[in-house]
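Spelled out from the first residue to the last, the chains are:
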Amino acid sequence: MRSYFFLLAALLAPAMAAGDAPRPDLSPADLARVRAITAATRDFSLPERFELMQGGAGTIDKLINADIFSQPAANLSMQARQDFLVGNGLFRKDWVASPSSTHASDGLGPLYNARSCQGCHVKDGRGTIPAFEGPERTENMALLMRLSIPQPPSAAGSPKVVVPELFTFAEPTYGFQLQPFAATGLPGEGWIDIRYEEVPVALNGGETATLMKPSYQIRDLGYGPMHPQVMMSPRLAPPVIGLGLLEAIHDEDIYANARREVGDGVSGRPNRARDLVTDKVVLGRFGWKAGQPSVNQQNSVAFFEDMGLSTPMVPVHYGDCTETQTACRAMPHGAQPRLGKEEVPGNLAELVNTYAQNLGVPQRRDVDDARVLAGKQLFYASNCVACHTPKYVTRRDAPRLEHRFQLIWPYTDLLLHDMGDGLADGRPEGDATGTEWRTPPLWGIGLTKTVNPQATWLHDGRARTLLEAVLWHGGEAQPARDRVVKMSPAERADLIRFLESL
């Protein structure tokens, strides 16, 4: 392992008064030092110390190419690296429906969105949506549609489904997610149609940006009409780098973000999620609305909902088939008695977790470039850091050694924020309202199109450029967005240069 702990210890030399959030994993002196190094910078003349290594000691410094998001973290032990490589194979594996002559690879569905994890997360980066000319029937699996209904009068606090999203109620016929693909003999649930409306935005300096406003319909419903009050939320597969480091951010640091005074009326708040192991309500941090508490649960629910595969955490063989889809529930499953009760046994699920937790974050580029530094200053001056908190020191007691006590730069507070009507999906999830979204991490964002040239941004992929993504910001982010609109063309270019360096 690199000598990063020693480098961090040197950086922690000067102490200051501790913040208001305790860290049980740290002594008061160490807590004070951590607060000092994670404080917002005021000097934009030079890069900050260790800013280049935005993923801590695990930062990837290899040649930039389309596989840069698929590299193991640099500080993995030999055994962890071997487990990572096996997990990589499982992440890429195409599953097939049962029955099949392929042992330990069947059980797909009966309803599903994709045959592999990699099918949505292209090269471990963002998924791809259809072209912007419409109407477009999407047979692309990376964009899925989450479904729910308002709380029914008979509900007693939770829906009668296998994997409840906290305080969220499944559409009675189609469940929590629309699945267009099905095993032989079953109809798929339907297809997403997207139409786009061009929305011009005038920018200072005589420039004009054109935003693409989507609208969605579901066609070819395979099981009859949906509930008249169905709420739909399109979700694009996000990148999966750095997840273990995000998991190692201490809960108290996230709660401290919610207590901070950051100006502009910004007031982030945590989401809550139900831990499927303990059945307790805990802090959510993964997913577009922070609806999942851990990488393990995020992966297990994805196996269940996206591919219809059972795991020890979600030991259900028929996936998201609802009670009304009786033929779906009667289909054969792929669990092998000699391997375990589930289609993805515990040892395989844990290898996928190891892979997802240890995909390395690429090294920053051009951190000392004058224009990048100018863009960083504009990022701070526009108060983008009110939500995109730059840096953390991870838990000293994180479960995995390689994630412990790392200085990382994910640029997220992991909180929910009201992003306004323009980005609203109208669908609550847990404590998140229909206008709230979790602040997405920005690390690696500048390499998005290197990994997937067709990739786009935001929760439904509507933003074709980083500038368009910024211009969609509303609600709490409206003041920051308006400052970007008022920038000169050269300043906006510098801001984008900074984002592209992450």
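Everything here concerns the structure above.
Model, not experiment: these values are computed from the prediction.

Undergrad: Help me understand the overall build of the protein, please; the structure alone is not making it clear to me.
TA: A count of helical and extended segments in the protein gives 13 helices and 14 strands. Relative to the globule expectation of 23 Å for 502 residues, the C-alpha radius of gyration of the protein, 22 Å, shows essentially globular dimensions. With the C-alpha coordinates aligned to their principal axes, the bounding extent of the protein is approximately 65 × 55 × 45 Å. For the protein, buried positions account for 57% of its 502 residues. Carbon and sulfur atoms make up 54% of the accessible area of the protein, which amounts to about 20100 Å² in all. Counting 50 positive and 57 negative side-chain charges, the protein places the centres of these two groups 3 Å from one another.

Undergrad: What should I look at first to understand the pattern of salt bridges in this one?
TA: Under the definition given, this model contains 29 salt bridges. Measuring nitrogen to oxygen at the nearest pair gives 2.7 Å for the salt bridge that ties R23 to D253. One end of the pair, R23, is in the loop between α1 (4-11) and α2 (28-37); the other, D253, is in helix α5 (residues 251-259), and 230 residues separate them in sequence. Residues R23 and D253 agree in their burial class; the two are buried. Across the salt bridge formed by R269 and E436, the nearest N and O atoms sit 2.7 Å from each other. Placement of R269 in the loop between α5 and β9 (271-274) and of E436 in strand β14 (residues 436-438) is noted, with a sequence separation of 167 residues between them. What makes R269 partly exposed here is its relative accessible area of 30%. Look at E436 and you get buried, because its relative accessible area is 6%. Among the charged side chains, a network of salt bridges with common partners joins E48, E51, R364, K376 and K391.

Undergrad: Is there a simple way to explain the sheet that holds strand β3 (residues 143-148) in this structure?
TA: Strand pairing in a sheet relies on backbone hydrogen bonds. The paired strands run either parallel or antiparallel. In spatial order, the strands read β4-β3-β8; together these three strands make up an open sheet with antiparallel pairing. Edge strands, defined here as strands with exactly one partner in the open sheet, are β4 (177-178) and β8 (231-236). In this structure, β3 lies alongside β4, joined through two bridges in antiparallel fashion. Bridge pairing links R146 to Q177 in β4.

Undergrad: Explain the packing of helix α3 (residues 78-92) against helix α8 (residues 346-357) here, please?
TA: Working note: a packed helix pair is described by the angle between its axes plus the distance between those axes. Where α3 contacts α8, the axes come no closer than 7 Å and their chain directions differ by 105°. On the basis of the axis angle, α3 is roughly perpendicular to α8. On α8, the residues touching A80, D83, F84, V86, G87, N88, L90 and F91 of α3 are L348, L351, V352, T354 and Y355. Among the residues making up the contact of α3 with α8, the classes are represented as nine nonpolar, three polar and one charged.

Undergrad: Help me understand the state of the cysteines, please; the structure alone is not making it clear to me.
TA: Throughout this description, disulfide means a covalent bond between two cysteine sulfur atoms. All chains considered together, the criterion is met by one disulfide. With a sulfur-sulfur separation of 1.7 Å, C321 is cross-linked through a disulfide to C328. One exposure class covers both C321 and C328, and it is buried. Left unpaired, C117 is separated from the closest cysteine sulfur, that of C120, by 8.4 Å. C117 sits in the buried class, given a relative accessible area of 13%. Residue C384 stays outside any disulfide, its sulfur separated by 8.8 Å from that of C387, the closest cysteine. Given the relative accessible area of 16%, C384 is considered buried.

Undergrad: Help me understand the nonpolar core, please; the structure alone is not making it clear to me.
TA: The nonpolar side chains of a soluble globular protein tend to be buried, and buried together. Membership of the largest hydrophobic core comes to 45 residues, with the highest contact counts inside it found for F379, Y411, L442, L471, F498, L499 and L502. I68, I241, V344 and V361 belong to the second largest nonpolar core, which has 42 residues in total.

Undergrad: Mind showing me how you'd approach the environment of Q363 here?
TA: By the secondary structure assignment, Q363 is in the loop between α8 and α9 (370-381). Separated by 92 residues in the primary sequence, Q363 and N271 have C-alpha atoms spaced 30 Å apart. In contact with Q363, other than residues within four places in its own chain, are L52, Q54, T59, I60 and D61.

Undergrad: Hey, could you run me through the packing of α9 against helix α13 (residues 489-501) in this one?
TA: Running from N to C, α9 and α13 point in directions that differ by 100°, and their axes come no closer than 7 Å. By the angle between their directions, the pair α9 and α13 is classed as roughly perpendicular. Across from R371, V372, A374, G375, K376, L378 and F379 in α9, the residues of α13 making contact are E491, D494, L495, R497, F498, L499 and S501. Grouping the constituent residues of the contact of α9 with α13 by class yields seven nonpolar, two polar and five charged.

Undergrad: I tried to follow the environment of E342 on my own but got confused; where do I start?
TA: Assignment of secondary structure puts E342 in the loop between α7 (326-329) and α8. Sequence separation between E342 and L309 is 33 residues; the distance between their C-alpha atoms is 8.0 Å.

Rules of the game
Residues numbered from 1 in each chain as written. Predicted model: local features only at pLDDT ≥ 70, side-chain atom pairs only at ≥ 80, totals over all residues. Heavy atoms only, no water. Helix = DSSP H or I, 4+ residues; strand = E, 2+ residues; numbered from the N terminus. Rg over C-alpha atoms; globule rule 2.2 N^0.38 Å. Buried < 20%, exposed > 50% of the residue type's maximum accessible area, 1.4 Å probe, protein only. Areas by Shrake-Rupley, 256 points an atom, 1.4 Å probe, with all protein chains shown as cover. Lys, Arg positive; Asp, Glu negative; His and termini not counted. Charge placed at Lys NZ, Arg CZ, Asp CG, Glu CD. Salt bridge = Lys/Arg side-chain N within 4 Å of Asp/Glu carboxyl O. Pairing = 2+ DSSP bridges. Axes fitted to C-alpha atoms, helices over the stretch in contact; angles between N-to-C directions. Parallel < 35°, antiparallel > 145°, perpendicular 65-115°, else oblique. Contact = heavy atoms within 4.5 Å. Nonpolar A, V, L, I, M, F, W, Y, C, P; charged D, E, K, R; others polar. Disulfide = S-S within 2.5 Å. Core = buried A, V, L, I, M, F, W, Y, C linked by side-chain atoms within 4.5 Å.

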